[in-house]
Amino acid sequence: MNYISLYRKWRSQDFSEIIGQAHIVQTLQNAITQKRISHAYLFCGPRGTGKTSIARIFAKALNCEAGPTPDPCGKCANCTKVRDGHAVDVIEIDAASNRGIDEIRDLREKVRYAPVEGRYKIYIIDEVHMLTNEAFNALLKTLEEPPAQVVFILATTESGKVPLTISSRCQRLDFARIPLSQVKGRLKEICKEEKFEVEEKALDLIARSGEGSMRDSISLLDQAVSFAGNMISFDKLVILLGCADEELLFSLAEALAAGDGAKLLDLLRKGIDEGRSASQVAKDLIHHFRDLLFAKVGAGAALELTAEYLAKVQEQSQKFDFARIRDILRALSRAELDMKWHPQARLVLEVALLELLEKTEVAEPVPPRRDGPVRSTSGDESKLSKIKTNWNKILDEVKKKSLYGYVSLHEGQLLDLTDKGQLIIGFRKGYAFHKDRLEEEKNRSIIEQVVNDLTGEKVKVAGVVEGVAAASTVKPAISVDVVKELFEGELVQ
Ligand SMILES: [Zn+2]
């Protein structure tokens, strides 16, 4: 027997099997029950979200011997013919393959013939936005005066490219990316039935890599089985996908946060030596920083990560400010594009990462401001001077309890003690990440406690970022010679 791909084998055959598009299933089933079937539907949405599957199930529903019915039997001649692709009344046209010229001409000639086997003639036109203008015009004529008993289902991944004259004559249904948890659920069902043993983490990775496309996720599972057999471990999957695993991603981001160019290149080299592709690493890194961005703006829940993973993401996101994440994402996206055509994709990524470091205002050692120079006070002068006098001790004590708290205090400048008891620490422009760190609950409360212990003053610590760029010394984190040396090996290859 010929091998049937998992995706074909597990393609949804009735509405109840459709995952993640409940609103669309409901609309179509209602249309049948209420006998309000449109002449034309426009299915819009990302690839692999069930557009063609639903179109075929709808065709069954219309032509089932027991129908039209919201629940086609799946067993009668009409249903099985649709399933096997033999139904003469269900005509599928792939506009992407030859832009539909011949098919649409054919369609215009035959559209008025009555259906042969079923009640309806159903035209399913996939990637309809790819039709030529000529084909669109021909289609438009048909849509303007649709023959009775003909239903058009136009599917597209790029609804913006479908002419308004066409889309305005269709009932539009928008398909959503399938939530990760639902993709995973479906994969689990398949694995159970097929007797595949897949590690939970591996399943997560497959579902994530599918990016909301059920088809891509199932195809990936198929590949994984061909590669690893019926037991799929996370490690094997990482090799198959050539993707960056969790540890590599967090370490790379860590090195970026620390401005450590040598570490960054070293991690990248190790990752690639272990069999990952540079472009996959770039892609995964973009995903990772997108995760950090979501966490940064408090939208972590939307990422559908495990609680443990999300906690790590949230922790790491503290090390970047919003603008920095945005810059990194921009640079990486640009690099990923460039890598598609550049013969030395890896080099493009390395350069992009190093350039990002150059843009980091590497914290040059700030002259100790142990006397806490004070610009102005709006609060109690004597209280402030008491804190000033004890500033050294405060720093030393904080250092023992919270290194991050210490670093942010050290990098900042004691500015003020307001009459509301706010102890204001100023940071230079571009150093907002120190402010963020200072204001983290954990660090802030340690500092406040130390101030209280050493001076008896109850203060609330708050950071401000100065409008003036006091020090704009931008220093490459890694010297040009080192870069040359590192790249030498690459360039001669
Ligand atoms: Zn049937």
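Computed from a prediction, not measured in an experiment: that's the story for all the values here.

Chemist: Mind showing me how you'd approach the overall build of the protein chain here?
Modeler: Broken down by element type, the protein chain carries 24 helices and ten strands. Every one of the 493 residues in the protein chain was classed for burial, and the buried ones make up 48%. Considering only intrachain contacts with a sequence separation of at least 6, the fraction spanning at least 24 residues in the protein chain is 74%. Carbon and sulfur atoms make up 50% of the accessible area of the protein chain, which amounts to about 24,600 Å² in all.

Chemist: For this particular structure, what's the right way to read the nonpolar core?
Modeler: One broad trend across soluble globular proteins is that nonpolar side chains are buried collectively. In terms of nonpolar packing, the biggest core is built from 42 residues, with Leu 256, Phe 289, Phe 320, Leu 332, Leu 349 and Leu 353 touching the most fellow members. For this core, the secondary structure elements donating two or more residues are α13 (246–258), α14 (261–273), α15 (278–296), α16 (307–317), α17 (322–341) and α18 (345–359). It is α15 that contributes the most residues to this core, nine residues altogether. Filtering out sequence-adjacent residues up to four positions away, Leu 256 remains in contact with Leu 264, Phe 289, Phe 320, Arg 324, Ile 328, Leu 353, Leu 356 and Leu 357. Listed in part, the 30 residues of the second largest apolar core include Trp 10, Val 198, Ile 218 and Leu 220.

Chemist: Is there a simple way to think about the coordination of the zinc ion in this case?
Modeler: Each protein donor to the zinc ion is listed here as Cys 64 (SG), Cys 73 (SG), Cys 76 (SG) and Cys 79 (SG); together their distances run 2.3 Å. Along the chain, the residues that donate to the zinc ion are spaced as C-x8-C-x2-C-x2-C. Taking the relative accessible area as the measure of exposure, Cys 73 reaches 35% and is therefore partly exposed. Since its relative accessible area comes to 0%, Cys 79 is described here as buried.

Chemist: What's the story with the sheet that holds strand β8 (residues 413–417) in this structure? I'm lost.
Modeler: The strands making up a sheet associate through hydrogen bonds between their backbones, and the pairing can be parallel or antiparallel. If you walk across this open sheet you meet the three strands as β8-β9-β10, and the pairing is mixed. Since the sheet does not close on itself, it has two edges, and those belong to β8 and β10 (460–465), each with one partner. Neighbour-to-neighbour, the strand axes of the sheet open up by a mean angle of 30°, direction not taken into account. Across four bridges, β8 lies against strand β9 (residues 422–427) in antiparallel orientation. In the strand pairing of β9, Leu 414 is matched with Ile 425. Along the sheet, helix α23 (residues 441–455) makes contact with β9 and β10, crossing β10 at roughly 120°.

Chemist: Just checking my understanding: could you explain unusual backbone geometry for this structure?
Modeler: Most peptide bonds take the trans configuration, and most residues that are not glycine carry a negative phi. For the peptide bond that leads from Gly 67 to Pro 68, omega is -5°, which places it in the cis range. Look at Glu 127: it is not a glycine, yet its phi comes out positive at around 50°. Locating Glu 127 in the fold gives a position in the loop between β3 (121–126) and α7 (133–144).

Chemist: Help me understand the confidence of the model for the protein chain, please; the structure alone is not making it clear to me.
Modeler: Any segment with low pLDDT has predicted coordinates that should not be analysed in fine detail. Looking at the protein chain, pLDDT values average 83 and 89% of them are 70 or higher. Overall, residues 361–370 carries pLDDT values under 50, and its contacts beyond four positions in sequence, including any with other chains, amount to 28 contacts.

Chemist: Quick question: what am I supposed to make of α15 here?
Modeler: In an α-helix, one turn spans 3.6 residues, which is why side chains three or four residues apart end up on the same side. For α15, built from 19 residues, the straight-helix expectation of 27 Å at 1.5 Å per residue is met to within 8% by its first-to-last C-alpha distance of 26 Å. Taken together, the buried positions of α15 are occupied by Ala 278, Val 281, Ala 282, Asp 284, Leu 285, Ile 286, His 288, Phe 289, Asp 291, Leu 292, Leu 293 and Ala 295. At the exit of α15 stands Gly 298, carrying a positive phi of roughly 75°.

Calculation criteria
Residues numbered from 1 in each chain as written. Predicted model: local features only at pLDDT ≥ 70, side-chain atom pairs only at ≥ 80, totals over all residues. Heavy atoms only, no water. Helix = DSSP H or I, 4+ residues; strand = E, 2+ residues; numbered from the N terminus. Buried < 20%, exposed > 50% of the residue type's maximum accessible area, 1.4 Å probe, protein only. Contact = heavy atoms within 4.5 Å. Areas by Shrake-Rupley, 256 points an atom, 1.4 Å probe, with all protein chains shown as cover. Core = buried A, V, L, I, M, F, W, Y, C linked by side-chain atoms within 4.5 Å. Donors = N, O, S within 2.8 Å, 3.2 Å for Na, K, Ca; no water. Pairing = 2+ DSSP bridges. Axes fitted to C-alpha atoms, helices over the stretch in contact; angles between N-to-C directions. pLDDT = per-residue confidence, 0-100. Expected span 1.5 Å × (residues − 1).

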